[in-house]
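# Geometric and topological summary
Here are the chains, one letter per residue:
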Amino acid sequence: MRLAVFFFTALAFAQPPKPVPPVVPDDVALDFDVEYSRVGERVALDIFRPKTGGPHPAVLAIHGGGFRAGSRASYHRLCIQLAQKGFVAATASYRLAPRHQFPAAVEDVKAAVRFLRANARKYNLDPDHIGATGGSAGGHLALMLGLTGEMTAFDGTGPHLDQSSKVQAVVNFYGPTDFTKSYEASVDAKDVLPQWIGNDLAHNRKQHLVASPLFYVTPLAPPTLTVHGTKDTYVAYDQGRWLDERMKAAGAVHELETIVDAGHGFKGQDLARAEGRLLAWFEKYLRPAPQRKILISDHGLKGEVVLMDWPSGKEHFRVPNGRGHDAQPLPGGNILYTVAPDKKVYEVDPFGKRVWECCDGLEHPLAAQRLPNGNTIIGDAKAGRVMEVNQAGQRVWNYTSDDLANMRMRNVRRTAAGSTLICVEAVAKVIEISKDGQQIWEWQAPEKDKRRLYQALRLPDGNTILSLSDPGEVVIVNPQGAVVRSIGGAKSDIKMGWASGIALFPNGNLLISDYTGRRLLEVDPAGAMVNELRLGPRTVASLALVE
């Protein structure tokens, strides 16, 4: 009996103390000791949140301790500070060596990111803007999150595997980057690394390489800040310098903040400087940029009209368009678009329900535009016909020409003056037709036998903006036909295969679809590219701003 009492008493004393929640300010909410995984053992998060606003960008803070020790409580102060700055800040425990060797800790912090993303609504966080930070071993784990975000090799078997563990920004405080060079320049690597990796360098060099963030650097790495002291005897300053060189060579965004004469673990002014850089970094790279809504018509294999954010590319709504060419946002959230295989023009409401369609007798509709009077102008490329129809589908205006038939025409747009711009794609020419069906203006691109013209829009100043192929170019011409501005083309730094859809931002910037380049470009009035979105499989025929 005495032996049993002694055994259970000793066991009770051997248990780690129960974590104690910190005191938080009135403007911060705390979710304390939230289990996020139980693979091998229970691991938990302390989540600090602003009480108002949101959804907020998030930061995962990962403690150090040589992969063998440390506590998530060491980041409580910083997490409170981040929450007061408008971030959801979580600090994580993870499995420690020697009981749990690499890659257990990496698997855990990936599971922590997945947990946050899966519970974004509950914790009022933005799942598209999550960062990671940590010091020493925690810096290493934050780097592994950033540099292996597209990989599944370290996902493990934890929960929420349907979610991504990718982070969008990293701040690394003196984390090791190349374990193959740690032994020669660290006072404790010979004690720490064999316990975590399972062997020393002489007996398992490959695993040291596999565990080193340096060897996962690619151009896709998220923006990363490294803060390192020059007199660090635990993780040599060279470890941060090597990462800086490797990431810059790869074209990734990286900055190395060097703190002269600082050692391992910042204090005083060095700590204030490091944390100041951290806050600025996450403000810059995690705070979502202002977004506009745009509508694109994907003529590629997916064949969809897509409502998305610009410049992030986040998609909100999709409707099949049979690889159609044109789409227009309408008041109230409705969408007008062409579906050539159906020989129809459709209008759907914000829920995708069809509320209007037109018209019997179409052969291959490529262009459609809802006019201020409620009528719709339609370009039928096979028939060589441009017509205006009312809501009942009855023709109220018609223009037909053999020069437009057999797929020679492309986009059609009505001007504010009531004339109609018709792109004769086959000969790289735009013609302007008056209300009574007479041609009143035209513009012919040079090298008409080699180039194609996709879209033409009349600008408020009377000039006309046009998109061309081979090479891709957007030109603005005046009423006399002189080119007053050119973006792309043979002489520009911006190279496009085929410029198709175009739209003008209120600030004068242009949004251009590089059709064959499968990307969208935003170009400022000086001709410099300010945003680019690679579209993967999508080939965008037309686009429009959603007001």
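What comes next is a walk through the structure. All values derive from a computational prediction rather than experimental measurement. (Residues numbered from 1 in each chain as written. Predicted model: local features only at pLDDT ≥ 70, side-chain atom pairs only at ≥ 80, totals over all residues. Heavy atoms only, no water.)

So, on to the packing of helix α2 (residues 76–84) against helix α9 (residues 268–286). α9 packs onto α2 with a crossing angle of 40° between their chain directions and a minimal axis gap of 12 Å. By the angle between their directions, the pair α2 and α9 is classed as oblique. Here α2 and α9 pass one another in a crossing that is right-handed. Residues Arg77, Leu78, Gln81 and Leu82 of α2 pack against Leu271, Glu275, Leu278 and Leu279 of α9. Residue composition of the contact of α2 with α9, by class: five nonpolar, one polar and two charged. (Axes fitted to C-alpha atoms, helices over the stretch in contact; angles between N-to-C directions. Helix = DSSP H or I, 4+ residues; strand = E, 2+ residues; numbered from the N terminus. Parallel < 35°, antiparallel > 145°, perpendicular 65-115°, else oblique. Left-handed = near helix turned anticlockwise from the far one by under 90°. Contact = heavy atoms within 4.5 Å. Nonpolar A, V, L, I, M, F, W, Y, C, P; charged D, E, K, R; others polar.)

What follows is about helix α6 (residues 189–197). Taken together, the buried positions of α6 are occupied by Ala189, Val192, Leu193, Trp196 and Ile197. Viewed along the axis of α6, the buried residues span an arc of 100°, placing them on a single side of the element. Buried positions along α6 lie against α3 (104–118), α5 (137–147) and α7 (205–210). A positive phi of about 105° marks glycine 198, the residue just after α6. (Buried < 20%, exposed > 50% of the residue type's maximum accessible area, 1.4 Å probe, protein only. Arc of directions from axis to C-beta.)

With that settled, the discussion passes to the nonpolar core. Residues Tyr36, Leu45, Ile47, Leu60 and Trp196 are the most contacted members of the largest nonpolar core, which totals 53 residues. It is α3 that contributes the most residues to this core, eight residues altogether. Residues contacting isoleucine 47, with those up to four places away along its chain left out, are Ala29, Leu30, Asp31, Val34, Val88, Ala89, Ala90, Phe115, Leu116 and Tyr123. Phe48, Val59, Leu82 and Val227 belong to the second-largest nonpolar core, a separate cluster that totals 27 residues. (Core = buried A, V, L, I, M, F, W, Y, C linked by side-chain atoms within 4.5 Å.)

Here we take up the sheet that holds strand β5 (residues 125–135). Spatially, β1-β2-β4-β3-β5-β6-β7-β8 is the arrangement adopted by the eight strands of the open sheet, whose pairing is mixed. Either end of the sheet is taken by a strand with one partner, and the two such strands are β1 (28–37) and β8 (254–259). Across the sheet, the mean angle separating the axes of adjacent strands is 20° when strand polarity is ignored. Across five bridges, β5 lies against strand β6 (residues 169–173) in parallel orientation. Residue threonine 133 lies in a different strand from β6, and its bridge partner there is valine 171. Of the strands in this sheet, β3 (56–62), β5, β6 and β7 (224–229) touch α5, which is tilted by about 145° from β5. This element, helix α8 (residues 237–249), spans β6, β7 and β8 of the sheet and lies at about 155° to β8. (Pairing = 2+ DSSP bridges.)

What follows is about the packing of aromatic side chains. Following the criterion strictly, the structure yields 13 aromatic pairs and no others. Judged by centre distance (3.7 Å) and plane angle (10°), the ring pair of phenylalanine 67 and tryptophan 196 falls under stacked. Pair noted here: phenylalanine 67 is in the loop between β3 and α2 and tryptophan 196 is in helix α6, with a separation of 129 residues, a long-range link. You'll find phenylalanine 67 and tryptophan 196 in the same group, each marked buried. (Phe/Tyr/Trp six-rings, centres within 6.5 Å; stacked < 30°, edge-to-face > 60°.)

Before going further, it helps to spend a moment on the pairing of strand β15 (residues 354–358). Pairing of strand β14 (residues 344–348) with β15 involves four bridges; the strand directions are antiparallel. Bridge pairing in β15 places glutamate 347 opposite tryptophan 356.

We now examine unusual backbone geometry. With glycine set apart, most residues show a phi of negative sign, and most peptide bonds adopt trans. Cis peptide bonds are those with omega within 30 degrees of zero, and the linkage from alanine 97 to proline 98 qualifies with 5°. Position of proline 98 among the secondary structure elements: in the loop between β4 (88–92) and α3. Cis rather than trans, the peptide bond between tryptophan 310 and proline 311 has omega equal to 15°. Within the secondary structure, proline 311 is located in the loop between β10 (304–310) and β11 (315–320).

What follows covers the side chain of aspartate 380. Of note, aspartate 380 is situated in strand β17 (residues 376–380). With no salt bridge to any partner, buried aspartate 380 finds its closest opposite charge in arginine 385, at an N-O distance of 4.2 Å. Within the local environment of aspartate 380, its side chain forms a polar contact with the backbone nitrogen of glutamate 363, the two atoms lying 2.7 Å apart. Within polar-contact distance, the side chain of aspartate 380 engages the backbone nitrogen of alanine 383 at 3.3 Å. What aspartate 380 contacts, discounting residues up to four positions off in sequence, is Gly361, Leu362, Glu363, His364, Pro365, Arg385 and Met409. (Lys, Arg positive; Asp, Glu negative; His and termini not counted. Salt bridge = Lys/Arg side-chain N within 4 Å of Asp/Glu carboxyl O. Polar contact = N/O pair within 3.5 Å; in protein donor to acceptor, adjacent residues only side chain to side chain.)

Look at α8: 19 Å from first C-alpha to last across 13 residues, which is about the 18 Å you get at 1.5 Å a residue. Burial in α8 covers these residues: Tyr237, Gln239, Gly240, Trp242, Leu243, Asp244 and Met247. Summarising the contacts, the buried residues of α8 are in contact with α5, β6, β7 and β8. At the exit of α8 stands glycine 251, carrying a positive phi of roughly 85°. (Expected span 1.5 Å × (residues − 1).)

The final tally for this structure, using the stated rule, is 38 salt bridges. The partner of arginine 354 in a salt bridge is glutamate 357, with the nearest N and O atoms 3.7 Å apart. Here the residues in one salt-bridge network are Asp33, Glu35, Arg38, Arg42, Asp46 and Arg72, joined through shared partners.

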